[in-house]
Amino acid sequence: MMMRRQPLAAGVLGPTDRAVLNRLQDGFPLDDQPFATVGAELGLTEQEVIDTVMRLRDLGAITRFGPFLDAAAMGGAFCLCAMAVPEERFEEVVTLVNAHDAVAHNYQRDHALNMWFVLACDRPERITAEADAIEAETGLAVLRFPKLREFFIGFRVTA
Amino acid sequence: MLDAIDRKILKATQGGLPLVPQPYAEVAKWLGLAPEEVTRRLSAMQETGVIRRIAVAPNHYALGMVANGMSVWDVADDTAETLGEQVGALPFVTHSYLRPRALPQWPYNLFAMIHGSDRAEVEAHRADIRAILGDALRSDDNLYSTRILKKTGMRLQGDG
């Protein structure tokens, strides 16, 4: 499914949508009936919470609901990579790069280095292998920016 | 380290938890495991940090945060750690990292991702970061994303 890039119209998200979206960014319980647990906190029934998550998904207000993995903690690694892709080859190169399962996200950016993607591998030696394979397939250099230090991951927004 | 059953559980859930009243029992049924084993293993993986958290990923664009800037800064190495700490603590910075430079093409070592409802808001936030970096800042740039080409999150590879 293509990810939605347009803002939802004002009023599409109601108070229940916002409450569930905010609450579920903080973490989901690991108990037998977690939707019921969250519902009890928010004054909603189990089914209302489930229906709201489905609605948020169908609206494109969320992109995913599940475990967020840390490659480094699994003994693997993430690596931010960048390429300078000639404009006329851009679509071809997107296809080649995205075909790699190790490419977790990929963004076009307005810079000479116009393609930025993250390799996420559960084995660190695969980072080099994947980046080298992309260089071989595209004939373009893949600059590698592994993280030396991470300061904060507070990737949450108030809906 | 993860064993084969942990990996099976992660593979079964990385595309999303089932939206049913007992999602972990459902995953257990798929895999032929006891429900308690699924929750026990998920909980252990949260403790070791393999799973950062189980949560929703908001779509910033749908929520009106349509301007997304990767701000990048060339900061003197001896102060980069301390200043990076301060930049990372800013509420509008969603990810922040120190990374190696790739000279001569790329002189920047501090990356701070900024989300805002428009570019003016992102630019105002850049000014805040510039003020923190002060004399340690040598040059900077900001790369707006113009298109999301892929966003699947991390996937386990192979069958292991």
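Residues numbered from 1 in each chain as written. Chains lettered and ligands numbered in written order. Predicted model: local features only at pLDDT ≥ 70, side-chain atom pairs only at ≥ 80, totals over all residues. Heavy atoms only, no water.

- The name recorded for chain B in an unreviewed UniProt entry is siroheme decarboxylase, from Donghicola mangrovi.
- The Pathway (unreviewed entry) field of the UniProt record for chain B holds the comment "Porphyrin-containing compound metabolism."
- Checking UniProt for chain B, the heading Catalytic activity (unreviewed entry) contains the comment "siroheme + 2 H(+) = 12,18-didecarboxysiroheme + 2 CO2". (UniProt positions renumbered as here; feature names shortened; annotations may be inferred.)

1. Details of the overall build of chain B
Point 1. Summing up its helical and strand segments, chain B has five helices and five strands in all.
Point 2. Tracing chain B from N to C terminus, the helices and strands come up as α-α-α-β-β-α-β-β-α-β.
Point 3. Taken over the C-alpha trace, chain B has a radius of gyration of 20 Å; the compact-globule value for 160 residues is 15 Å, which it surpasses by more than 25%.
Point 4. Viewed in the frame of its principal axes, chain B has a C-alpha envelope of about 60 × 35 × 25 Å.
Point 5. Here chain B holds 160 residues, and the buried ones make up 54% of them.
Point 6. Counting only contacts in chain B whose residues sit at least 6 apart along the sequence, the fraction spanning at least 24 positions is 64%.
Point 7. As displayed, chain B offers around 6700 Å² of accessible surface, 53% of which is attributable to carbon and sulfur atoms. (Helix = DSSP H or I, 4+ residues; strand = E, 2+ residues; numbered from the N terminus. Rg over C-alpha atoms; globule rule 2.2 N^0.38 Å. Buried < 20%, exposed > 50% of the residue type's maximum accessible area, 1.4 Å probe, protein only. Contact = heavy atoms within 4.5 Å. Areas by Shrake-Rupley, 256 points an atom, 1.4 Å probe, with all protein chains shown as cover.)

2. Topic: the side chain of Asn-68 of chain B
Point 1. Take Asn-68 of chain B: it is sitting in strand E2 (residues 67-75).
Point 2. Side-chain polar atoms of Asn-68 of chain B contact the side chain of His-115 of chain B, separated by 3.5 Å.
Point 3. Apart from residues lying up to four places away in sequence, Asn-68 of chain B is in contact with Arg-109 of chain A together with Tyr-61, Met-113, Ile-114, His-115, Leu-143, Tyr-144 and Ser-145 of chain B. (Polar contact = N/O pair within 3.5 Å; in protein donor to acceptor, adjacent residues only side chain to side chain.)

3. Some details on the packing of helix H1 (residues 4-13) of chain B against helix H2 (residues 23-31) of chain B
Residues and elements named next belong to chain B.
Point 1. In contact at an axis separation of 10 Å, H1 and H2 are set at 115 degrees when each is read in the N-to-C sense. Seen along the crossing, H1 lies across H2 with a hand that is right-handed. Residue-level inspection shows Lys-8, Ile-9, Ala-12 and Thr-13 of H1 in contact with H2, the latter providing Val-27, Trp-30 and Leu-31.
Point 2. Partitioning the contact of H1 with H2 into residue classes produces five nonpolar, one polar and one charged. (Axes fitted to C-alpha atoms, helices over the stretch in contact; angles between N-to-C directions. Left-handed = near helix turned anticlockwise from the far one by under 90°. Nonpolar A, V, L, I, M, F, W, Y, C, P; charged D, E, K, R; others polar.)

4. Some remarks on the pairing of E2 of chain B
Residues and elements named next belong to chain B.
Point 1. Counting buried positions over the nine residues of E2 gives nine, a clear majority of the element.
Point 2. Residue alternation in E2 divides its side chains into two sets, Ala-67, Gly-69, Ser-71, Trp-73 and Val-75 and Asn-68, Met-70, Val-72 and Asp-74, and both sets are buried.
Point 3. Looking at chain direction, E2 and strand E4 (residues 110-116) are connected through seven bridges and run antiparallel. Of the residues in E4, the one forming a bridge with Met-70 is Met-113. (Pairing = 2+ DSSP bridges.)

5. What about the interface of chain A and chain B?
Point 1. Taken together, the contact pairs 80 residues of chain A with 77 residues of chain B.
Point 2. Contact between chain A and chain B buries roughly 7700 Å² in total, counting both sides, with carbon and sulfur atoms accounting for 61%.
Point 3. At the boundary of chain A with chain B, the tally comes to five salt bridges.
Point 4. One salt bridge in this structure joins Glu-150 of chain A and Arg-52 of chain B, with 3.7 Å as the shortest N-O distance.
Point 5. Where chain A packs against chain B, one counts 34 residue pairs in polar contact (both at pLDDT 80 or more).
Point 6. Considering every element that reaches the side of chain A that touches chain B, the biggest residue donor is strand E1 (residues 62-69) of chain A, with eight residues.
Point 7. Residues of the side of chain A that touches chain B, tallied by class, amount to 46 nonpolar, 15 polar and 19 charged.
Point 8. In this structure, strand E3 (residues 103-109) of chain A lies alongside strand E5 (residues 137-151) of chain B, joined through five bridges in antiparallel fashion. Residue pairing across strands places Gln-108 of chain A opposite Arg-147 of chain B, the latter belonging to E5 of chain B. (Buried area = accessible area lost by both parts, 1.4 Å probe. Salt bridge = Lys/Arg side-chain N within 4 Å of Asp/Glu carboxyl O.)

6. Overview of the packing of aromatic side chains
Point 1. Inspection of the entire model under this criterion finds eleven aromatic pairs over all chains.
Point 2. Measuring from ring centre to ring centre gives 5.6 Å for Trp-116 of chain A and Phe-145 of chain A, while their planes differ by 20 degrees; the resulting arrangement is stacked. Of this pair, Trp-116 of chain A sits in strand E4 (residues 115-121) while Phe-145 of chain A sits in strand E5 (residues 143-145), and the two are 29 residues apart along the sequence.
Point 3. When the ring centre of Phe-68 of chain A is taken as reference, the NZ or CZ atom of Arg-53 of chain B above it lies at 4.7 Å.
Point 4. The ring of Phe-111 of chain B is capped by Arg-99 of chain B, whose NZ or CZ atom sits 5.2 Å from the centre of that ring. (Phe/Tyr/Trp six-rings, centres within 6.5 Å; stacked < 30°, edge-to-face > 60°. Lys NZ or Arg CZ within 6 Å of the ring centre and 35° of its normal.)

7. Notes on the UniProt feature "domain: Siroheme decarboxylase NirL-like HTH" (unreviewed entry) in chain B
Point 1. Using the residue numbers shown here, the UniProt feature "domain: Siroheme decarboxylase NirL-like HTH" (unreviewed entry) corresponds to residues 6-52 of chain B.
Point 2. Here residues 6-52 of chain B runs as 66% helix and 4% strand, with 15 Å between its end C-alpha atoms.

8. Digging into the UniProt feature "domain: Siroheme decarboxylase AsnC-like ligand binding" (unreviewed entry) in chain B
Point 1. Mapped onto this numbering, the UniProt entry gives "domain: Siroheme decarboxylase AsnC-like ligand binding" (unreviewed entry) at residues 63-150 of chain B.
Point 2. Within the segment residues 63-150 of chain B, helix and strand shares are 31% and 41% respectively, and the terminal C-alpha atoms sit 19 Å apart.

9. Regarding the environment of Leu-133 of chain B
Residue and element names in this part refer to chain B.
Point 1. Relative to the assigned elements, Leu-133 resides in helix H5 (residues 119-133).
Point 2. Judged by its relative accessible area of 3%, Leu-133 falls in the buried class.
Point 3. Between the C-alpha atoms of Leu-133 and Val-87, which are 46 residues apart in sequence, the distance is 8.4 Å.
Point 4. Contacts of Leu-133, omitting those with residues within four sequence positions, involve Trp-73, Val-75, Leu-83, Val-87 and Leu-110.

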